[in-house]
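Coordinates in review
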Amino acid sequence: MKEILELLETDARLTPGQIAAILGKNEEEVAGIIKDLERKNIINGYFTLINWDKLGAEKVSALIEVKISPQRDVGFDAVAERIYRFPEVRSVRLMSGAYDLVVMIEGGTMKEIAHFVSFKLASMEYVLSTATHFVLKTYKHHGTIVEDGEDDRRQVIVP
Amino acid sequence: MTLKTNWAEMVNPAVRDIAPSGIRRFFDLVTEMKDIISLGVGEPDFVTPWHIREACVYSLEKGYTMYTSNHGLLELREEISRDVSQNYKVSYDPRSEILITVGVSEGLDLAMRALLCPGDEVLVPEPSYVSYAPLAVLGGGKPVHLKTSADNGFQLTADIVEKALTPRTKIILLGYPNNPTGATIDREHLLDIAELARAHNLIVISDEIYDKLTYVGEHTCVSSLPGMRERTILLNGFSKSYAMTGWRVGYAAGNSDFIAAMTKIHQYSMLCAPITAQVAALEALRNGQSEMRKMIAQYSRRRRLVVDAFREIGLPCFEPRGAFYAFPDIRCTGLSSDEFAVELLKEEKVLVVPGSAFGEQGEGFVRCAYAASVKDLMEAFKRIGNFVRRRTGRGKVVTFYFGKMEQKDNEIRKTV
Ligand SMILES: Cc1ncc(COP(=O)(O)O)c(C=O)c1O
């Protein structure tokens, strides 16, 4: 099962048949395991990594540090939920250290993000303060180097 | 009037008579072709892990650009000694029993030159790596080919060796896991061969460059067998396991008198292996285990895919247990291995190496390297499938196997 996940994590397009061949299992069995992993939410989704910059798309993103005062009974989770429910929020993580949540947000423009931070986030109950950092350039995301110049440079035939 | 030099006449006949490489012509064929997928590359498709490259960049910044001792950096020899003894329980004294070479290639050359007298015979299993026989010739010896075949998993056996013995036999060359077949050799076979070597006072040159790339069973280091440390020259390097082919670094380990003899040649012909490569090798041994295991896990996964693909296509393929090669039998197409490779390239733009490039015994087979991405492998097999179907005029060929696919590999494909 872990091997199936590892394979899918590096290439979501592998078919159950191909995975079965790689692992020496049968196809139905692999398909069944994948179904099960999806059902249990261990596989959360399948995505395509896109280099929007290359397309010239104006997509601004920002990383926001958020300090909050935890709520009685529910701790940080309830505040986090109020934040992650916004569709423009790409990720929310609880952190150790100087602040509590780190929020990645992807919006159309700088103005939209500024608007979100001041009207939605900073003014939210239990949010003590925010610090917004705009992303200038992405070099690597999801373990993948965006512009990797290291293509195959081997000679076509080597004894 | 100046007399024109006839260089062909000047060239040493031993050199002149070495047959041209069987793969040269493919370079000419591919120059005008686009979109070819090459399964002809006998080196990792990975770039050297970053931490190794980074360590070497740092060494350059710090000015490590000088010669090292002829033997190579002592630290590196110590690390090699530790690595070999940890993996195979054989210990070599880093000060006198290990020499850093410019790849296994140089190690092979030095060992032959230091051992062979004119007319001495070198037993070379076939099919095997392209440099063994020519280096034996250049060393003044006489290669004697030992035929291995698919029905015994391309393994050398004591039987085959014994039949070839003459009073002039001096060296047995072993290269397992094997290029081009992907065969490994069973410990029992090695034990029998070792017994013969002891009985007939033979030296074994063991090229174990693919040792870490063993997927079924465990690799046996020849010098770890009883009584073999004293009569084995162990050759290994960093090219395959650490994806470091272009660095040109490897090592020889063996008896101190013999290492001294090899070092004599090395000091005059090579002086030392490049320091930058030695620094990189040191980093590989010290901190490269986890990256290495990841690469090997990838090969191991692809291996299954490849064996499965040949089953699907209907080409008989004995199960490769090591290195990163599969060696399918293509005789059912009615083509020679050279024709198969050329026509496959022209019609389907997939490059494989004809088995005949690795000796007569490779005729009827082609070498497919699976040091390629899963995506390329799948596309390549689709194309090979089309080609084979056209040539055999059949839907699917009834497959027969040389032995069964071992379901139980040693699970190094798992990285977690
Ligand atoms: C069996 C075998 N031995 C030796 C070599 C050469 O190794 P190195 O790069 O260490 O010179 C190769 C390279 O393809 C090989 O396949």
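Since the model is a prediction, treat every value here as computed from it, not as a measurement. Per chain, residues are indexed from 1 in the order of the written sequence. Here every chain gets a letter starting at A, and every ligand a number starting at 1, in the order they are written. With pLDDT at 70 or above as the cut-off, local features in this predicted model cover only qualifying residues; side-chain atom pairs require 80 or more to be listed or tallied, and sums for whole chains, interfaces and linings still use all residues. Only hydrogens and water are removed before side-chain values are computed, so all heavy atoms of the structure are retained for them.

Examining the side chain of B:Glu97
Residues and elements named next belong to chain B. The criterion, for reference: Strands here mean DSSP runs of E at least two residues long; helices mean DSSP runs of H or I at least four residues long; both are numbered from the N terminus. To sort residues, take the accessible area from a 1.4 Å probe on protein chains only and compare it with the maximum for the residue type: under 20% means buried, over 50% means exposed, and anything in between is partly exposed. What qualifies as a polar contact is a pair of N or O atoms within 3.5 Å, subject to a donor-acceptor requirement within protein and to the restriction that residues adjacent in sequence count only when both atoms come from side chains. Every residue pair with non-hydrogen atoms within 4.5 Å of one another is taken to be in contact.
Summarising the element assignment, Glu97 is placed in the loop between α5 (74-88) and β2 (98-101). For Glu97, a relative accessible area of 12% puts it in the buried group. From its side chain, Glu97 meets the backbone nitrogen of Asp93 in a polar contact 2.7 Å long. Here the side chain of Glu97 touches Arg229 through a polar contact of 2.6 Å, side chain to side chain. The residues contacting Glu97, other than those within four sequence positions of it, are Ser91, Tyr92, Arg229, Ala252, Ala253, Gly254, Ser256 and Ile259.

Some points on the packing of helix α2 (residues 16-23) of chain A against helix α3 (residues 27-39) of chain A
Residue and element names in this part refer to chain A. Here is the rule we go by: Every angle, taken between N-to-C directions, lies between 0 and 180 degrees, and every axis is a line fitted to C-alpha atoms, over only the stretch in contact when it is a helix. Note on angle classes: values under 35 degrees are labelled roughly parallel, values over 145 roughly antiparallel, values of 65 to 115 roughly perpendicular, and the remainder oblique. By the definition used in this description, the sense in which the near helix is turned from the far one sets the handedness, with an anticlockwise turn below a right angle giving left-handed and a clockwise turn giving right-handed. In the scheme used here, Gly and all other residues not listed as nonpolar or charged are polar, with Ala, Val, Leu, Ile, Met, Phe, Trp, Tyr, Cys and Pro taken as nonpolar and Asp, Glu, Lys and Arg as charged.
In the contact formed by α2 and α3, the axes pass within 8 Å of each other and the chain directions differ by 115 degrees. When the interaxial angle is binned, α2 and α3 end up roughly perpendicular. In this structure, α2 crosses over α3, and the sense of that crossing is right-handed. Judged by residue contacts, Pro16, Gly17, Ile19 and Ala20 of α2 engage Glu27, Val30, Ala31 and Ile34 from α3. Of the residues in the contact of α2 with α3, the class split is 6 nonpolar, 1 polar and 1 charged.

Considerations on the packing of aromatic side chains
Residue and element names in this part refer to chain B. Formally: Geometry of aromatic contacts follows a simple scheme: Phe, Tyr and Trp rings, the Trp one being its six-membered ring, pair when their centres are within 6.5 Å, and the pair is stacked under 30 degrees between planes, edge-to-face over 60, tilted otherwise.
Enumeration over the complete set of coordinates arrives at 15 aromatic pairs over all chains. When the ring of Phe154 is compared with that of Phe318, the centres are 5.2 Å apart and the planes differ by 65 degrees; the resulting orientation is edge-to-face. Of this pair, Phe154 sits in the loop between β4 (142-147) and α8 (158-164) while Phe318 sits in the loop between α12 (289-313) and β9 (325-326); the two residues are 164 residues apart in sequence, bridging distant segments of the chain. In this pair, the class of Phe154 matches that of Phe318, namely buried.

Section: the domain arrangement of chain B
All names here are of chain B. Threshold: The start and end points of each domain follow an automatic or database-based domain assignment. Put simply, buried area is the surface a 1.4 Å probe can reach on two separate parts but cannot reach once they are joined, added for both. Salt bridge, as used here, is a side-chain nitrogen of Lys or Arg placed within 4 Å of a carboxyl oxygen of Asp or Glu.
Under the domain assignment used here, chain B contains domain 1 (11-47 + 290-415) and domain 2 (64-287). Just the C-alpha atoms count here: the centres of domain 1 and domain 2 sit 25 Å apart. Counting the surface domain 1 buries against domain 2, the share from its top three residues, Arg321, Phe358 and Gln361, is 22%. Our count for the contact surface shared by domain 1 and domain 2 stands at 1 salt bridge.

Observations concerning the environment of A:Lys111
Mapped onto the elements, A:Lys111 comes out in helix α6 (residues 110-121). For A:Lys111 and A:Leu55, which are 56 residues apart along the polypeptide, the C-alpha to C-alpha distance reads 21 Å.

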